[in-house]
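# Structural overview
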Amino acid sequence: MATKPAIPKGTRDFSPEEMAKRNYIFNTISDVFHLFGFQQIETPAMENLSTLMGKYGEEGDKLLFKVLNSGDFLSGVTDEELSVRNTNKLAAMLCEKGLRYDLTVPFARFVVMHRNEISFPFKRYQIQPVWRADRPQKGRYREFYQCDADVVGSDSLLNEVELLQLMDEVYSRFGIRVVIKLNNRKILSGIAEIIGEPEKIVDITVAIDKLDKIGLEKVNEELKEKGISEEAIAMLQPIILLEGSNREKLATLKKVLAGSETGLKGVVELEYILDRLESSPLRSALEIDLTLARGLNYYTGAIVEVKALDVQIGSITGGGRYDNLTGVFGMPGVSGVGISFGADRIFDVLNQLDLYPEDSRLATQVMFVNFGEKEQEVCLGHASRLRCAGIRTEIYPEAAKMKKQMGYADSKKILYVALVGENEIAAGKITVKNMITGEQQMLTVDELANLVR
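This section reports on the structure supplied with the text. Just so it is clear, the structure is predicted and the values come from calculations on it, not from any experiment.

Taken in spatial order, the 5 strands make up an open sheet running 13-12-14-15-16, and their pairing is mixed. Lying at the two open borders of the sheet, with one neighbouring strand each, are strand 13 (393-395) and strand 16 (440-443). Between one strand axis and the next, the sheet turns by 25° as a mean value, whatever way the strands run. Of the strand pairs in this sheet, strand 14 (residues 416-419) and strand 15 (residues 430-434) are connected by 4 bridges, and their pairing is antiparallel. From the neighbouring strand, A418 faces strand 15, where its bridge partner is V432. Strands strand 12 (366-368), strand 13 and strand 15 of the sheet are contacted by helix 15 (residues 373-388), whose axis makes an angle of about 165° with strand 13.

Below you can see the structure in the form of structure tokens.
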């Protein structure tokens, strides 16, 4: 009995129509990356497990897909070790490689390995799939694409300014209305300092990050559960609920954080970004949001997140400033800043808002009907000339019934069907049918190319 075909849970097939949409996303993002001076790299799907392990925390290590060694992978394992069934120990003995979990750690490894070949600051982008052995659910997959851009080897805040402009350009091209939320890790550290709970910074920010979802009362309950004092929680209230323009928020923070050198430095960094954007304002809304936390153990300066305004969905882009990206690979002191576009969520947003341009499908524009060998020969010549003119063209491969050929053109949404019979050959022309209006006209190859354009 034949095996019923299936794919692993958490993975997907993409139809030609879906791939056209996805390529529109990838091409738009990569075009803007190039516009801002980023260069593309790729790293292998597989990395040595020694490269990946320990970089994502204990939970992250559990989500790594491990690859069995080639050949007799049990040769170095005793019966006793097998009988004990210590999964982690066995995995370490049987697997030397794993599928990449993200693009950041492979990028850090790349920078260290190629440090003598690249110029700093190094502006790189990557658009590649990553894999996580997560439990599949709606909007969460085991295989998905990341679109990352990073600048490493530069402390300049001009990089943050340009990355904000880059995000703004991408979403303007997509036609998606977004709000870009901005914060700074140093401000969050300063807040924890001035309320007397510097050791609780992670607990504080994890809680206030949920403000939109669970409301202020629940946030305060969670803070209390984490052992944060009533007095500290009371001091947090005006900070959590900070309102006004971006400039007004920063002015208030300057007073609130007067006793924290770290916090004030964060305010100065955000002021620099706002000052530089005054000469070339963003088209998207930019909002300083103190509840934005984004992986506190990783980021050290500005942090950013993008949310769509017209669709209920999570963050569609995020990133920030980090220090010592390459330290774990023996090259300390390399600062960087980066962002990552969530291609799969952007795909969902564009679908919901129906924002794909008509020409994004890159479908066949002209199809020649096949009447037989003599006509085929003439059609091949015409098709070559159309392709040279940049017109996407195909010839039906067999002299099948006209109904079948027309049905094929209709199913592929081909706008123009070209017919070349004896009369057309004699006249050196082509009968062209518009499949939407039904209108037919006799044209030369050049006239047909102009019509399609």
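Trans is the prevailing form of peptide bonds, just as negative phi is the prevailing case for residues other than glycine. In the segment running from F120 into P121, the intervening peptide bond is cis, with an omega of 0°. One non-glycine residue with positive phi stands out, namely D354, at about 50°. Mapped onto the secondary structure, D354 falls in the loop between helix 14 (343-353) and strand 12. According to the relative accessible area criterion, D354 is exposed, its value standing at 62%. The residue K413 is not glycine, and still its phi comes out positive at about 55°.

Looking now at helix 7 (residues 158-174). For helix 7, built from 17 residues, the straight-helix expectation of 24 Å at 1.5 Å per residue is met to within 8% by its first-to-last C-alpha distance of 25 Å. Burial runs high along helix 7: 12 of the 17 residues are buried. Backbone geometry just downstream of helix 7 places G175 in the positive-phi region, at approximately 80°.

Moving on, we come to the pairing of strand 11 (residues 336-341). Burial runs high along strand 11: 5 of the 6 residues are buried. With 6 bridges joining them, strand 6 (residues 143-152) and strand 11 adopt antiparallel strand pairing. When the bridges of strand 11 are listed, A149 appears paired with I339. Taken together, the 6 bridges between strand 10 (residues 317-322) and strand 11 define a ladder with antiparallel strand orientation. Within the sheet, the bridge partner assigned to T317 lies in strand 11 and is F341.

On to the sheet that holds strand 1 (residues 39-40). Spatially, 8 strands are ordered 1-5-6-11-10-9-7-8 in an open sheet, and the strand pairing comes out mixed. Bordering the open sheet on either side are strand 1 and strand 8 (285-288), each of which pairs with just one other strand. Taken together, the 10 bridges between strand 5 (residues 122-131) and strand 6 define a ladder with antiparallel strand orientation. Note on strand 6: the bridge partner recorded for I127 is C147. The strands touched by helix 1 (residues 16-35) within the sheet are strand 5, strand 6 and strand 11, with strand 6 carrying the most contacts at an inclination of about 5°. Strand contacts of helix 14: strand 6, strand 9 (302-308) and strand 11, with the helix running at about 115° to strand 6, the strand carrying the most contacts.

Procedures and definitions
Residues numbered from 1 in each chain as written. Predicted model: local features only at pLDDT ≥ 70, side-chain atom pairs only at ≥ 80, totals over all residues. Heavy atoms only, no water. Pairing = 2+ DSSP bridges. Helix = DSSP H or I, 4+ residues; strand = E, 2+ residues; numbered from the N terminus. Axes fitted to C-alpha atoms, helices over the stretch in contact; angles between N-to-C directions. Contact = heavy atoms within 4.5 Å. Buried < 20%, exposed > 50% of the residue type's maximum accessible area, 1.4 Å probe, protein only. Expected span 1.5 Å × (residues − 1).

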